[in-house]
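Residue-level structure breakdown
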Amino acid sequence: MSFSPDPPRLVEREKAQSCLALNLLVLPGLGTFIHGARLRGGLEILLSLFGFFWLCRILVFAVIEFFSLGDGVSHLLNQLPQLISCLVLLAGAWFSGFQYGRRVLRQAQRP
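None of the values given here were measured: they were computed from a predicted structure. Residue numbers run consecutively from 1 along every chain, following the written order of its sequence. It should be noted that, the model being predicted, local features are given only for residues of pLDDT at least 70 and side-chain atom pairs only at 80 or more, the latter also being counted only at that level, while totals for whole chains, interfaces and linings use all residues. Excluding hydrogens and water, the side-chain values take into account all heavy atoms of the structure.

Observations concerning the pattern of salt bridges
Oppositely charged side chains may form a pair once their charged atoms are brought near each other. Should a side-chain nitrogen of Lys or Arg be within 4 Å of a carboxyl oxygen of Asp or Glu, the pair is scored as a salt bridge. Overall, the coordinates contain one salt bridge when judged by the stated rule. When the shortest N-O distance is used, the salt bridge between E44 and R40 registers 3.2 Å. With E44 and R40 both in helix 3 (residues 38-69), this residue pair falls four residues apart, about one helical turn. Only DSSP runs of H or I reaching four residues or more are called helices, and only runs of E reaching two or more are called strands; each is numbered from the N terminus.

Put into structure tokens, the structure is as follows:
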């Protein structure tokens, strides 16, 4: 049993390629959302943005600690579980977008 029903068959292969390219290169979930799987695409977008801003927060605090105390590496080591968690969120959103885009591309009609 899959998470979402199969994507509708596209008329053009170029649309399927743009769905995959948006998911891989711009924002995970954007191609999925534009293609029509709004819930799945929205969840992928939320996960990727949350993971990205969480990663930025960790890195900004590490830079601040580096310039104030001269030891940003210890901050990163202390935040290692959070760092791994946000990287897992980013990777999961990207992989989900890749899987959806690949499935859409496979089901697209050839010209």
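Structure shown, so let's carry the discussion forward.
Considerations on the nonpolar core
Nonpolar cores were defined as sets of buried Ala, Val, Leu, Ile, Met, Phe, Trp, Tyr and Cys residues, with membership established by side-chain atoms within 4.5 Å. A 1.4 Å probe rolled over the protein chains alone gives each residue an accessible area, and that area as a share of the maximum for its type sets the label: buried under 20%, exposed over 50%, partly exposed in between. If you look at the biggest cluster of nonpolar residues, it comprises eight residues: A16, C19, L20, A37, Y100, V104, L105 and A108. Those elements that provide at least two residues to this core are helix 1 (13-26) and helix 5 (80-107).

Some remarks on the state of the cysteines
Only a pair of cysteine sulfur atoms within 2.5 Å counts as a disulfide in this structure description. One pass over the structure, following the stated rule, counts zero disulfides. Free of any disulfide, C86 has its nearest cysteine sulfur in C56, 9.0 Å distant. Residue class for C86 comes out buried when judged on its relative accessible area of 0%.

Quick word on helix 1
Between the first and last C-alpha of helix 1 there are 19 Å, a value that for 14 residues agrees with the 20 Å anticipated at 1.5 Å per step. All of the buried residues in helix 1 are R13, A16, C19, L20 and N23. Viewed along the axis of helix 1, the buried residues span an arc of 125 degrees, placing them on a single side of the element. What points out from helix 1, more than 90 degrees from its buried face, is the exposed set L25 and V26. Any two residues whose heavy atoms approach within 4.5 Å are treated as being in contact. Among the structural elements, helix 2 (30-35), helix 3 and helix 5 are those in contact with the buried residues of helix 1. Take the residue count of a helix, subtract one, and multiply by 1.5 Å to get its expected span. The reported arc concerns the directions from the helix axis to the C-beta atoms and nothing else.

Quick notes on the side chain of R13
Of note, R13 is situated in helix 1. No salt bridge is formed by the buried R13; the nearest opposite charge belongs to E14, separated by 7.4 Å. Side-chain atoms alone can form a polar contact between residues adjacent in sequence; in general such a contact is a pair of N or O atoms within 3.5 Å, and within protein one must be able to donate a hydrogen while the other accepts it. Within polar-contact distance, the side chain of R13 engages the backbone oxygen of L105 at 3.1 Å. By the counting scheme adopted, Arg and Lys are positive, Glu and Asp are negative, and His together with the chain ends is not counted.

Structural notes on the packing of aromatic side chains
Between the rings of Phe, Tyr and Trp (Trp by its six-membered ring), a pair exists once the centres lie within 6.5 Å; its type follows the angle of the planes, with under 30 degrees stacked, over 60 edge-to-face, and the other angles tilted. All chains considered together, the criterion is met by four aromatic pairs. Ring centres of F52 and F53 lie 5.3 Å apart, and the angle between their planes is 70 degrees; on these two criteria the pair is classed as edge-to-face. F52 gets classed as partly exposed once you look at its relative accessible area, which sits at 41%. Classification of F53 as exposed rests on a relative accessible area of 55%. Aromatic rings pair up to connect W94, F95 and F98 into one cluster. Sitting over the face of the ring of F33, R38 holds its NZ or CZ atom 4.7 Å from the ring centroid. As a reminder, the over-ring test applies to NZ of lysine and CZ of arginine, requiring each to be within 6 Å of the ring centre and within 35 degrees of the ring normal.

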